[in-house]
Amino acid sequence: MQGANLIEHRFNLPPFDSLDYYWRVRLDEDDSKWSTSTFSFIYGSEKGWSQGYYSKFLEANSYYIEIDDTTREFLFSRGNSITHNINVSGAYEPVTTRRMRFNGKDHFPGFLYNGMACVAINPNSMERFMDSSKFNKYVPANNWGINRKYYWPGSRSGAYWFNTNKQEDRDSFVHYLNNIPEGYHLFSFMSGYAGVDSWEDTVFKALELVGAQKIYTIGNGDPYGLYGVKGMNPGQAVEITANYGSPVDPKNQRDNFATLLYPLSPVGSLTSRKIGPAKQWSSFYRTVDEFDNPDELLSIDIYGYDLDDSMHILYQDVQSTEFSLLDVKADSIPFIQIKVNYEDEEELTPAQLNRWSVLYEGVPEGALDPQIALYQNKDSLQEGDSINVRIAYRNIDDLPMDSVLVLTYLQNDLSERDTIEFKRVRPLDTDDYFELEYTASTKGLTADNRIVVSVNPDMDQWEQTLSNNIHNFKFHVIKDEKNPLLDVVFDGEHIMDEDIVPFNTVITMTVQDENEFLFIEESSAFEAILTFPDQSELVLVEGMTEVNFTPASKAGEKAILEFNSSDLPSGLYNLKVQVTDASGNKASELEYEINFKVIREATISNFYPYPNPFSSNMKFVFTLTGEQVPDYMKVQILTVSGKVVREIDQSELGLVSIGHNISEFSWDGTDMFGDQLANGVYLYKITAKLNGEDLKLYETAGDEFFKEGYGKIYLMR
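(A) How the structure looks around the overall build of the protein. On a plain count of helices and strands, the protein comes out with four helices and 51 strands. Compactness check: the protein gives a C-alpha radius of gyration of 53 Å against a globular reference of 27 Å for 717 residues, more than 25% above the reference. Looking at the protein as a whole, 45% of its 717 residues qualify as buried. In the protein, of all internal contacts separated by at least 6 residues, the share reaching a separation of at least 24 is 69%. Carbon and sulfur atoms make up 48% of the accessible area of the protein, which totals about 37400 Å². A gap of 7 Å separates the mean positions of the 60 positive and 110 negative side-chain charges of the protein.

Quick look at the structure:
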């Protein structure tokens, strides 16, 4: 049972000695179940363990002992079954086909001709109804090797034969039936010609006492068997007769019957639960009603359990009502067990145990106490968030506790454990307590999890129970399934596939994750491979001279992997980048991949006006290669007759870099004085020099539109 509080209540007991008290508790819910327990109040007694109420004895491990719910008395249970058979046949059948057996053995040796055979049995003890009558057959010398009661040579067998064709035998048969004790079971069969058609009414009336009724209809020489109980009403017994609807003569018919009897066991035992743990054993005592016969026996066996929970016999056949246990060392035998052995062959009634008790000095008891502290910040968290819990543990006994061991672990939905803490705290005096507080990251956790606080695990020091020493802080972690955002730029710019970049370009790879708790703090999150023109590969990792890594340190901050190339040779390169966030999410299913070119030779492409034709403004698009930008650049715009109407120098073009460029300059179709030019076709020419020399032309697919270095611009307003 689990609740949010440790409930305490103090009350005064009434002045009744040696009384067992019951209490129960449940949560205030309609469907909750009661938890029950008991304790015994014995005035002036030492502390220990005791049971004296009949229902508590039901908790013991019983062997052939039970308790009657009505009388609340101990009873022997019924033991193994014994099979009883009756075989009957008509007078024309061999005499060997008529017999009674139990567990495969005949009730008596020999065979009966012309009469009734009977055996009356006490169903509780299997004792046979006996007297010294001559009809109670003796066991002959040949007893078939059964060395047991009723089969000893020269003794009475308890099997009766009556030749019911004789008046004397019929009278004895009636006397026998009338004197069978109430409740005894009678097994009987008719053999040969029993003269049933000339029996007196007293014979039939005597048979009615054991439940017979069909006997009135039996013909002389017909098969007949009877299984009845003394005290039955007529017709209640089992009567085995011929099938009178069969064409077979009844005197040629056979039949049989079998039943099971379960006798009471004459021995039994009650074994207590394991008692303890104890710090010091004191004594055992028991109270029992007086025996009902001098042959009745009761003894006590005492067992001990060591630190490995192995059982050892400490004392056997203890007869006294009180017995010292001071010699039992509790430091090696912390638990004992009591076994009461019963034997009553005579009355089959075990002695009534009124109380059994074991006195000992116990061990302390501690419990997690939510009233002092019980806290959990969240029960549902985003992956990466932290779970925080707190709980208190208190010594609720009047005995001090040694330094208390605490095991706290985190368990995921696969039952995998990760230890948070395993250490000793401090000793606890009576009513003293300590608080336990833990904070754990949910990184790598998903679904249902728990933080388990286990105080005094595996009974590190003895206390009464561990059931109140464990608490599960359950929480659910919502998995981070969002992909991080990857961005790759060259010298701060995004490029197209096979664009040209400088030989000393800076490749910056950044990733941003939306998770506000898990940051990308390790460079291993990036997987970047640069393939050179000669197909050799370079894995970009932190620690290389050209590689720098900047982790994200707060929510919304980017993690950066930067490659500072210093001397890339000319050729076509390939870059592949993949990034994985702290939750294992990749930026995309496919890695980022791009090809780029490095051309170390200084060249410049033709300038391309964009848009062309234009109506309001246009810019120039061009490509530069090499290691340096030109130190002189000029664009001249001319009429078709060759008149220069506008010149644009390098400072007006704006920032120029190696690779593809779009001029910052935007021409609006005016001349150098700001006057609007007329619509039509204009020519333009580019001049670019580096160290006083003209740059070579970087050939492009659009070069066919240039003639002798001149291009055309179409102005259309």
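(B) Seen up close, the pairing of strand β27 (residues 386-395). The element β27 is extensively covered by neighbouring structure, given that eight of its ten residues are classed as buried. With three bridges connecting them, strand β24 (residues 366-368) and β27 associate as antiparallel partners. The residue of β27 that forms the bridge with G366 is N395. Relative to β27, strand β25 (residues 374-376) is paired through three bridges, and the arrangement is antiparallel. Counterpart to Q376 in the pairing with β27 is V389. Relative to strand β30 (residues 433-441), β27 runs antiparallel, the two sharing nine bridges. Bridge pairing links V389 to Y438 in β30.

(C) Geometry of the environment of W161. Note on placement: W161 falls in strand β12 (residues 156-162). Take W161: its relative accessible area is 16%, and that puts it in the buried class. Residues W161 and S188, 27 residues apart in the sequence, show an inter-C-alpha distance of 9.8 Å.

(D) Region of the structure containing the packing of aromatic side chains. Following the criterion strictly, the structure yields 33 aromatic pairs and no others. Both rings, one in W199 and one in F204, keep their centres 5.6 Å apart while their planes meet at 50°; by these two values the pair is tilted. You'll find W199 and F204 in the same group, each marked buried. The structure contains a cluster of three or more aromatic residues connected by ring pairs, namely F129, F135, Y160, F162, F173, Y176, W199, F204 and Y216.

(E) Broad picture of the sheet that holds strand β23 (residues 353-361). Across the sheet, four strands lie side by side as β3-β23-β18-β21; this open sheet has antiparallel pairing. Strand pairing shows two members of the sheet lacking a second neighbour, β3 (48-51) and β21 (322-324), which therefore form its edges. Between one strand axis and the next, the sheet turns by 10° as a mean value, whatever way the strands run. For strand β18 (residues 280-288) and β21, the ladder comprises three bridges, and the chain directions are antiparallel. Looking across to β21, one finds that Y285 is bridged to E322.

(F) Inspection of the pattern of salt bridges at higher detail. A full pass over the atoms with the stated rule returns 25 salt bridges. In this structure, R600 engages D567 in a salt bridge whose closest nitrogen and oxygen atoms are separated by 2.8 Å. One end of the pair, R600, is in the loop between β41 (592-598) and β42 (603-605); the other, D567, is in the loop between β39 (559-564) and β40 (571-579), and 33 residues separate them in sequence. Here the residues in one salt-bridge network are R99, R101 and D106, joined through shared partners.

(G) Broad picture of a negative patch on the surface. Together, D497, E498, E527, E591 and E593 give the surface a local cluster of negative charge. Inspection of the secondary structure puts E498 in the loop between β33 (485-490) and β34 (499-500).

(H) Spotlight on the pairing of strand β13 (residues 185-191). For β13, the tally of buried residues reaches seven of seven residues, placing the bulk of the element in the interior. Side chains H185, F187, F189 and S191 project from β13 onto one buried face, and the interleaved L186, S188 and M190 project onto a second face that is buried too. Pairing geometry for strand β10 (residues 115-121) and β13, over seven bridges, is antiparallel. Residue pairing for β13: A120 is matched across the bridge by L186. In this structure, β13 lies alongside strand β14 (residues 224-229), joined through five bridges in antiparallel fashion. When the sheet's bridge partners are listed, S188 is paired in β14 with L226.

(I) Molecular detail of helix α2 (residues 167-179). Here α2 contains 13 residues, and its C-alpha end-to-end distance of 18 Å stays within 8% of the 18 Å for a straight helix at 1.5 Å per residue. Looking only at α2, the buried set comprises D169, R170, F173, V174, Y176 and L177. Here the buried residues of α2 occupy an arc of 160° about the axis, which is enough to place them on one side. Against β10, β12, β13 and α3 (201-208) lie the buried residues of α2.

(J) How the structure looks around the sheet that holds strand β26 (residues 380-382). Strand order in this open sheet of five strands is β26-β32-β31-β28-β29, and the pairing throughout is mixed. In the strand order of this sheet, the two ends are held by β26 and β29 (417-424), each with one partner. Strand-to-strand twist in this sheet, taken as the mean axis angle between neighbours without regard to direction, amounts to 20°. In the sheet, β26 pairs with strand β32 (residues 470-478) via three bridges, with the strands oriented parallel. Residue pairing for β32: L381 is matched across the bridge by V477.

(K) Here's a closer look at α3. Regarding α3, the residues found buried are V203, F204, A206, L207 and E208. For α3, the secondary structure elements touched by its buried residues are α2 and β14.

(L) The arrangement of the environment of N449 in detail. You can see N449 is positioned in strand β31 (residues 447-455). In this structure the C-alpha to C-alpha distance between N449 and K474, which are 25 residues apart in sequence, comes to 5.9 Å. When neighbours within four sequence positions are excluded, N449 is seen to be in contact with Q411, N412, D413, F473, K474, F475 and V477. For N449, the side chain forms a polar contact with the main-chain oxygen of T446, separated by 3.2 Å.

(M) Geometry of a nonpolar patch on the surface. Judged by side-chain polarity, V640, V681, Y714 and M716 come together as a nonpolar surface patch covering roughly 370 Å² of accessible area. Looking at where V640 falls in the secondary structure, it is placed in the loop between β45 (632-639) and β46 (644-649).

(N) Spatial organisation of the side chain of R286. Position of R286 among the secondary structure elements: in strand β18. Reaching out from R286, the side chain makes a polar contact with the backbone oxygen of Q319 at a distance of 2.7 Å. When near neighbours in sequence (up to four residues on either side) are disregarded, R286 contacts L298, I300, Q319, S320, T321, L353, R355 and W356.

(O) Structural view of the packing of α2 against α3. Contact geometry for α2 and α3: axes closest at 9 Å, N-to-C directions at 25°. Taken together, the axis directions place α2 and α3 in an arrangement best described as roughly parallel. When the axes of α2 and α3 are compared, the crossing they make is left-handed. Counting all contacts with α2, which are made through R170, F173, V174, L177 and N178, the residues of α3 involved are T202, V203, A206 and L207.

Rules used in this analysis
Residues numbered from 1 in each chain as written. Predicted model: local features only at pLDDT ≥ 70, side-chain atom pairs only at ≥ 80, totals over all residues. Heavy atoms only, no water. Helix = DSSP H or I, 4+ residues; strand = E, 2+ residues; numbered from the N terminus. Rg over C-alpha atoms; globule rule 2.2 N^0.38 Å. Buried < 20%, exposed > 50% of the residue type's maximum accessible area, 1.4 Å probe, protein only. Contact = heavy atoms within 4.5 Å. Areas by Shrake-Rupley, 256 points an atom, 1.4 Å probe, with all protein chains shown as cover. Lys, Arg positive; Asp, Glu negative; His and termini not counted. Charge placed at Lys NZ, Arg CZ, Asp CG, Glu CD. Pairing = 2+ DSSP bridges. Phe/Tyr/Trp six-rings, centres within 6.5 Å; stacked < 30°, edge-to-face > 60°. Axes fitted to C-alpha atoms, helices over the stretch in contact; angles between N-to-C directions. Salt bridge = Lys/Arg side-chain N within 4 Å of Asp/Glu carboxyl O. Patch = residues over 30% accessible without salt bridge, like charges linked within 9 Å, V, L, I, M, F, W, Y side chains within 5 Å. Expected span 1.5 Å × (residues − 1). Arc of directions from axis to C-beta. Polar contact = N/O pair within 3.5 Å; in protein donor to acceptor, adjacent residues only side chain to side chain. Parallel < 35°, antiparallel > 145°, perpendicular 65-115°, else oblique. Left-handed = near helix turned anticlockwise from the far one by under 90°.

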